[in-house]
Amino acid sequence: MKSNVVLIGFMGTGKTTVGKILADKLGKEFLEMDKIIEKKANKSIPEIFSEDGEIKFRELEMEVAKELSGKKDSVIAAGGGVVLNKLNIDYLKRTAEIILLKATPKDIYDRISLDGKEKRPLLNNEDPMGEIKKLLEFRKPFYEMATNTSVSTHNKTLRKITEEIITIITF
Ligand code: S3P
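Before going into details, it helps to say that this report is about the structure given with it.

Conventions and cut-offs
- Residues numbered from 1 in each chain as written.
- Predicted model: local features only at pLDDT ≥ 70, side-chain atom pairs only at ≥ 80, totals over all residues.
- Heavy atoms only, no water.
- Phe/Tyr/Trp six-rings, centres within 6.5 Å; stacked < 30°, edge-to-face > 60°.
- Buried < 20%, exposed > 50% of the residue type's maximum accessible area, 1.4 Å probe, protein only.
- Helix = DSSP H or I, 4+ residues; strand = E, 2+ residues; numbered from the N terminus.
- Salt bridge = Lys/Arg side-chain N within 4 Å of Asp/Glu carboxyl O.
- Near = heavy atom within 4 Å.
- Polar contact = N/O pair within 3.5 Å; in protein donor to acceptor, adjacent residues only side chain to side chain.
- Nonpolar A, V, L, I, M, F, W, Y, C, P; charged D, E, K, R; others polar.
- Pairing = 2+ DSSP bridges.
- Axes fitted to C-alpha atoms, helices over the stretch in contact; angles between N-to-C directions.
- Contact = heavy atoms within 4.5 Å.

1. Concerning the packing of aromatic side chains
Tallied over the full model, the rule gives two aromatic pairs. On the basis of an interplanar angle of 40° and a centroid distance of 4.9 Å, the ring pair of Phe49 and Phe57 is categorised as tilted. Each member of the pair, Phe49 together with Phe57, is buried. On the numbers, 5.5 Å between centres and 40° between planes, the contact of Phe138 with Phe142 is tilted. Taken together, the residues Phe138 and Phe142, both in helix α7 (residues 128-146) and four residues apart, mark about one turn of the helix. Under the relative-accessibility criterion, Phe138 is labelled exposed at 52%.

Shown next as C-alpha cells:
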C-alpha cells in the first residue's frame, strides 16, 4: 500500500473535512494543497486568481503536486481542479492512493454557500449553481481518468465516509 492518500473531487465534496478526520484515524499528517499554495504565494487563493490569474495558480498547483509526491504518511486534500493537468495526477500517484469524493450539485451548492462563495473564485459569480453544473460536466472525464476509486458523500455521515475510504485503501 502507498503511504499517502490524496482526496480529489469537485469543490465542496468534502475533501478537507473528510481528510482531517481520515488523517486522524490513520495516524497520518493532514496536508491541504491550497494552503501550501497560499503559503508559497504569500497570498490567499482569491488574491492569486485576481492579481496573478488562474494560469499562475495552476503553475503553483503543479509545483506543489510535485513536492507532495515526496511526502510520506500523509492525507492530502487536493484542490478541485488538480485533475485538469495529468502531470499533477502522475506526480501524486507515485506515492498516493487517489480517492475521488463525489457529491450532487445541490450538496456542492449548499456547502459552498456555507463557506462563502468569495473563497472560490471560479464560483464567485451571478449563477454559481449554473457554473457548478457546467464545470462538473466538463470535469467529469478528468475525475474519472484520475482514479477508478470513488466514494459518494451524499447523505452520509463523516464516520461512514471515512470508514468506506479506509476499507478501500486497506484492501
Ligand atoms: C479550484 C478549487 C479550489 C481551489 C481553487 C480552484 C478548482 O479548491 O484550488 O479555487 O479549480 O476546482 P477546493 O476544491 O478545495 O475548493
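2. Let's talk about the pattern of salt bridges
One pass over the full model with this rule turns up 16 salt bridges. A salt bridge links Glu164 to Lys156, with the nearest nitrogen and oxygen atoms 3.2 Å apart. For Glu164, a relative accessible area of 21% translates into the label partly exposed. Overall, Lys156 belongs to the partly exposed group, its relative accessible area being 27%.

3. Looking at the site of the ligand
In the region of the ligand, 14 residues are neighbours, and Lys15, Asp34, Arg58, Arg120 and Arg139 sit closest. In the model, an oxygen atom of the ligand is placed 2.6 Å from a nitrogen or oxygen of the Lys15 side chain. Here an oxygen atom of the ligand and a side-chain polar atom of Arg58 are 2.7 Å apart. Broken down by secondary-structure element, the contributors of at least two residues to the shell around the ligand are α3 (45-52) and α4 (54-68). By residue class, the composition of the shell around the ligand is six nonpolar, three polar and five charged.

4. Examining the sheet that holds strand β2 (residues 29-32)
Spatially, five strands are ordered β2-β3-β1-β4-β5 in an open sheet, and the strand pairing comes out parallel. Every interior strand has two partners, whereas the edge strands, β2 and β5 (150-152), have only one. Adjacent strand axes in the sheet meet at a mean angle of 25° when their direction is disregarded. Here five bridges tie strand β1 (residues 4-8) to strand β4 (residues 96-102), and the two strands are oriented parallel to one another. Bridge pairing in β4 links Leu7 to Ile99.

5. Topic: the pairing of strand β3 (residues 74-77)
Burial of the side chains of β3 extends over both faces: Ser74 and Ile76 are buried on one face and Val75 and Ala77 on the other. In the sheet, β1 pairs with β3 via three bridges, with the strands oriented parallel. Paired with Leu7 across the strands is Ala77, a residue of β3. The sheet contact formed by β2 and β3 spans four bridges and is parallel. Looking at β3, one finds that Leu31 is bridged to Ile76.

6. What to know about the environment of Leu122
Position of Leu122 among the secondary structure elements: in the loop between α6 (105-115) and α7. Leu122 sits 68 residues away from Glu54 along the chain, and the two C-alpha atoms are 9.4 Å apart. Setting aside anything within four residues of it in sequence, one finds Leu122 in contact with Met11, Phe49, Glu54, Arg58, Glu131, Leu135 and Arg139.

7. What to know about the environment of Arg94
Residue position: Arg94 is located in the loop between α5 (86-93) and β4. Residue Arg94 is classed as exposed on the basis of its relative accessible area of 55%. Arg94 sits 15 residues away from Gly79 along the chain, and the two C-alpha atoms are 18 Å apart. Setting aside its immediate chain neighbours within four residues, Arg94 contacts Lys2 and Ser69.

Interpretation in functional terms is not warranted from these geometric data alone.
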